[in-house]
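Residue strings, one per chain:
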Amino acid sequence: GEVILQTFNPDNFTLECVKENDYLKYYNYEMNIRKELKYPPYVYLAGIKIVSKDYDIASKEASKVANYLRTNLKNNEVVLGPTTATMFKNGDNYRFQITIKYKDEDKLLEVLRSLEELYIINKKVYLEIDLNPSRIWYNKVGDKMKDLRVIFMGTPDFSVPVLKSLIEKTNV
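These numbers were taken from a predicted model, which means no experiment stands behind them. (Residues numbered from 1 in each chain as written. Predicted model: local features only at pLDDT ≥ 70, side-chain atom pairs only at ≥ 80, totals over all residues. Heavy atoms only, no water.)

### With respect to the pattern of salt bridges
Next up, step 1: Throughout the structure, instances matching the rule amount to four salt bridges.
Next up, step 2: Across the pair Lys25 and Glu20 runs a salt bridge whose closest N-O atoms are separated by 3.4 Å.
Next up, step 3: Note on Glu20: relative accessible area 42%, which makes it partly exposed. (Salt bridge = Lys/Arg side-chain N within 4 Å of Asp/Glu carboxyl O. Buried < 20%, exposed > 50% of the residue type's maximum accessible area, 1.4 Å probe, protein only.)

### Looking at the confidence of the model for the protein chain
Next up, step 1: For the protein chain, the mean per-residue pLDDT works out to 81, and 78% of the residues sit at or above 70.
Next up, step 2: Mean pLDDT across the elements of the protein chain ranges from a minimum in helix H5 (residues 156-170), with 46, to a maximum in helix H3 (residues 55-72), with 96.
Next up, step 3: Here residues 138-163 scores under 50 on pLDDT; set against residues more than four positions off or in separate chains, the count is 42 contacts. (pLDDT = per-residue confidence, 0-100. Helix = DSSP H or I, 4+ residues; strand = E, 2+ residues; numbered from the N terminus. Contact = heavy atoms within 4.5 Å.)

### Here's the deal with the sheet that holds strand E3 (residues 93-102)
In a beta sheet, neighbouring strands pair by backbone hydrogen bonds and run either parallel or antiparallel.
Next up, step 1: Pairing is antiparallel across the open sheet formed by four strands, whose spatial order is E2-E3-E1-E4. On the outer flanks of this sheet lie strand E2 (78-90) and strand E4 (126-131), each paired with one strand and no other. Neighbour-to-neighbour, the strand axes of the sheet open up by a mean angle of 20°, direction not taken into account.
Next up, step 2: Two strands pair when backbone bridges link them, and E2 and E3 are joined in this way by seven bridges, in the antiparallel orientation. (Pairing = 2+ DSSP bridges. Axes fitted to C-alpha atoms, helices over the stretch in contact; angles between N-to-C directions.)

### Brief notes about helix H1 (residues 13-20)
Next up, step 1: Residues Thr14, Leu15 and Cys17 constitute the buried set of H1. The arc enclosing the buried residues of H1, seen along the axis, measures out at 160°, which places them on a common side.
Next up, step 2: Buried residues along H1 sit in contact with helix H2 (23-37).
Next up, step 3: At the C-terminal side of H1, Asn21 shows a positive phi close to 55°. (Arc of directions from axis to C-beta.)

### Focus: the side chain of Glu77
Next up, step 1: Along the chain, Glu77 turns up in the loop between H3 and E2.
Next up, step 2: There is no salt bridge for the buried Glu77, and the closest opposite charge comes from Lys107, which lies 8.1 Å off by N-O distance.
Next up, step 3: Leaving out residues up to four positions away in the same chain, Glu77 has contacts with Ile100, Lys101, Tyr102, Asp104 and Lys107. (Lys, Arg positive; Asp, Glu negative; His and termini not counted.)

### A short note on the nonpolar core
Next up, step 1: With 21 residues, the main nonpolar core has Ile48, Ile50, Val65, Leu69, Ile98 and Ile100 as its most contacted residues.
Next up, step 2: Ignoring anything within four residues of it in the chain, the contact list for Ile50 reads Ala58, Glu61, Ala62, Val65, Tyr94, Arg95, Phe96, Ile98, Val125, Tyr126 and Leu127. (Core = buried A, V, L, I, M, F, W, Y, C linked by side-chain atoms within 4.5 Å.)

### Some points on the packing of aromatic side chains
Next up, step 1: Scanning the entire structure with this criterion turns up seven aromatic pairs.
Next up, step 2: Plain terms: the ring middles of Phe13 and Tyr29 are 4.1 Å apart, the flat faces sit at 40° to each other, and that makes the pair tilted. Of this pair, Phe13 sits in helix H1 while Tyr29 sits in helix H2, and the two are 16 residues apart along the sequence.
Next up, step 3: Residue Phe13 is classed as partly exposed on the basis of its relative accessible area, which comes to 27%. (Phe/Tyr/Trp six-rings, centres within 6.5 Å; stacked < 30°, edge-to-face > 60°.)

### As for helix H4 (residues 105-119)
Next up, step 1: For H4, built from 15 residues, the straight-helix expectation of 21 Å at 1.5 Å per residue is met to within 8% by its first-to-last C-alpha distance of 21 Å.
Next up, step 2: Those residues of H4 that fall on the buried side of the exposure criterion are Leu108, Val111, Leu112, Leu115 and Tyr119. End-on view of H4: buried residues confined to an arc of 100°, all on one side of the axis. Along H4, the residues that are exposed and aim more than 90 degrees away from the buried face are Asp106, Arg113 and Glu117.
Next up, step 3: Among the structural elements, strand E1 (44-52), H3, E3 and E4 are those in contact with the buried residues of H4. (Expected span 1.5 Å × (residues − 1).)

Here it is, written out as structure tokens:
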């Protein structure tokens, strides 16, 4: 078969690797970036969504949750956010999100349980906590995504054969 790629960035590293059929080069490049930026598989992720029918309440509570996390998680955890969720408004609900990068979950689980207990009686706000989300949330804030990236969250034993299989199927 034949594959036609249309792009504004023909010198994109990922596309170069696909054209060269060099999945291992791409894999090593991607894993190096993940290690530097502390993304899986080098760390774990946890996501928290703060949801309310009132925008101001959701916004204020999201800031409170982030501050609570920063105060109570002081090891190697990184707290990102709060930001508006990718799907900011779902029905009548406003949603904010916080992402946590961590290596050891002992303290994290304790903090998340206590946070959940604080909000379980709150009728105006509820939390959605997701350990190791299957999808990372992105917000585009004025910056266009310039690179095309295929991201594999698995181990090298899984990722390399899958990437190789995809490249072979496209016959680039």
